[in-house]
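# Tertiary structure, described
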Amino acid sequence: MPKTRLMIALDAPDLKTARALLEKLKGLPVFYKVGSSLFTLEGPAAVDLAHEYGGKVFLDLKLHDIPNTVKNAVENAAKLGVYSISLHLSGGAEMVRAAAGIKKRPELWGITVLTSFDAGSFARVGFKGSINETIFNLADLGVKSGIDGIVCSPREAAAVRKRFGPGIKVITPGIRLGQACDDQKRAMTPKEAARAGADFIVVGRPVLTARDPARTAAAILKEIE
Ligand code: C5P
């Protein structure tokens, strides 16, 4: 069973708010995720800020473009010194291989099916097959093309771990401390995700909106110990 690590999604509205949050979480053994919302406004300064507070940074830009553009973006991410970057596996094998072929690069974490999908909303997009079938198709494609980790919901984590073994990391957003009533449809608790074998659980709003974010993060760390 891998040791599960806590990754906090720095989905703050701006750098100032992100810094205030990082100050509160200072000293806790967590990783940080910089996603498109903060990055769109603040750019690489958001990554620098997370690095300033230590730990590894996951740049969650969910790249999905033609192979050459994705390759260039991953090369630029390497210059920022991030630990990992995400790309949509539905961008296809050629796109993933273009990124994987870069010599000195961050880990590539492949997005399978977003945790905000449920069966109904997924079918309406027009994909053939179930969410589970699609996740495994995409994960197979990603692993064959050179990715290092698979992003999926905690509900699929155990099966993904079993299929690919310890060489491929499993990253699970969609973590909720209690009953979720928001856009995360395939959610689980930190403990359930850790039991399912996730290497990283990604937590945003449950920590960000907590009255005491440090206390909540510490409680999650204890839960996944
Ligand atoms: O606030 P919440 O805990 O839902 O945050 C989850 C974070 O993980 C968000 O930043 C979201 O963009 C990201 N994420 C996700 N589902 C994926 C990949 C990333 O929710 N499949």
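Preceding block: the structure.
Presented here is a report on the structure given in the accompanying data block. (Residues numbered from 1 in each chain as written. Predicted model: local features only at pLDDT ≥ 70, side-chain atom pairs only at ≥ 80, totals over all residues. Heavy atoms only, no water.)

On to the site of the ligand. In the region of the ligand, 17 residues are neighbours, and D11, K33, R176, G204 and R205 sit closest. One of the side-chain nitrogen or oxygen atoms of T115 is found 3.1 Å away from a nitrogen atom of the ligand. The contact in question runs from an oxygen atom of the ligand to an N or O atom on the backbone of G204, over 2.8 Å. Burial of the ligand by the protein amounts to 88% of the accessible area it has alone, namely 470 Å². Broken down by secondary-structure element, the contributors of at least two residues to the shell around the ligand are β3 (57-63), β8 (200-203) and α10 (205-208). Taken together, the residues that form the shell around the ligand break down as eight nonpolar, three polar and six charged. (Near = heavy atom within 4 Å. Polar contact = N/O pair within 3.5 Å; in protein donor to acceptor, adjacent residues only side chain to side chain. Areas by Shrake-Rupley, 256 points an atom, 1.4 Å probe, with all protein chains shown as cover. Helix = DSSP H or I, 4+ residues; strand = E, 2+ residues; numbered from the N terminus. Nonpolar A, V, L, I, M, F, W, Y, C, P; charged D, E, K, R; others polar.)

The next thing to look at is helix α7 (residues 131-145). In a regular helix each residue adds 1.5 Å, so 15 residues correspond to 21 Å; α7 covers 21 Å between its end C-alpha atoms and thus fits that length. Restricting attention to buried positions, one finds in α7 the residues I131, T134, I135, F136, L138, A139, G142 and S145. Lining the buried residues of α7 we find α5 (93-100), α6 (119-125), β6 (149-151) and α8 (154-164). At the exit of α7 stands G146, carrying a positive phi of roughly 110°. (Expected span 1.5 Å × (residues − 1). Buried < 20%, exposed > 50% of the residue type's maximum accessible area, 1.4 Å probe, protein only. Contact = heavy atoms within 4.5 Å.)

What follows concerns the side chain of R161. Within the element layout of this structure, R161 appears in helix α8. Look at R161 and you get buried, because its relative accessible area is 15%. In terms of polar contacts, R161 uses its side chain to reach the side chain of D199, at 2.3 Å.

Moving on, we come to the packing of helix α1 (residues 15-25) against helix α3 (residues 44-52). Between α1 and α3, whose axes approach to 10 Å, the crossing angle comes to 15°. By the angle between their axes, α1 is roughly parallel relative to α3. Here α1 runs over α3; the crossing is right-handed. Contacts from L15, A18, R19 and L22 in α1 reach A45, A46, L49, A50 and E52 in α3. Among the residues making up the contact of α1 with α3, the classes are represented as seven nonpolar, no polar and two charged. (Axes fitted to C-alpha atoms, helices over the stretch in contact; angles between N-to-C directions. Parallel < 35°, antiparallel > 145°, perpendicular 65-115°, else oblique. Left-handed = near helix turned anticlockwise from the far one by under 90°.)

Another aspect to go through is the pattern of salt bridges. Going through the model one piece at a time under the given rule, you end up with nine salt bridges. Measuring nitrogen to oxygen at the nearest pair gives 2.9 Å for the salt bridge that ties E52 to R19. Of the two residues, E52 is situated in helix α3 and R19 in helix α1; the sequence distance between them amounts to 33 residues. One salt bridge in this structure joins E23 and K26, with 3.5 Å as the shortest N-O distance. Here E23 falls in the partly exposed class, since its relative accessible area comes to 40%. Of the residues examined, K26 reaches a relative accessible area of 53% and is grouped as exposed. (Salt bridge = Lys/Arg side-chain N within 4 Å of Asp/Glu carboxyl O.)

Attention shifts here to the environment of A210. In this fold, A210 is placed in the loop between α10 and α11 (213-224). As for A210 and G81, which are separated by 129 residues in sequence, their C-alpha atoms are 30 Å apart. Setting aside residues no more than four positions away along its own chain, A210 makes contact with R205 and T216.

Attention shifts here to the environment of T40. Examined against the element boundaries, T40 turns out to sit in helix α2 (residues 36-42). For the pair T40 and D14, spaced 26 residues apart in sequence, the C-alpha separation works out to 9.9 Å.

Below, the discussion takes up the environment of L59. Of note, L59 is situated in strand β3. We classify L59 as buried; its relative accessible area is 1%. A sequence separation of twelve residues divides L59 from V47, and the C-alpha atoms of the two residues are 7.7 Å apart. Excluding anything up to four places from it in sequence, L59 contacts V34, F39, V47, A77, L80, V82, S84, I85 and S86.

Everything listed here is a matter of geometry and, on its own, says nothing about what the molecule does.
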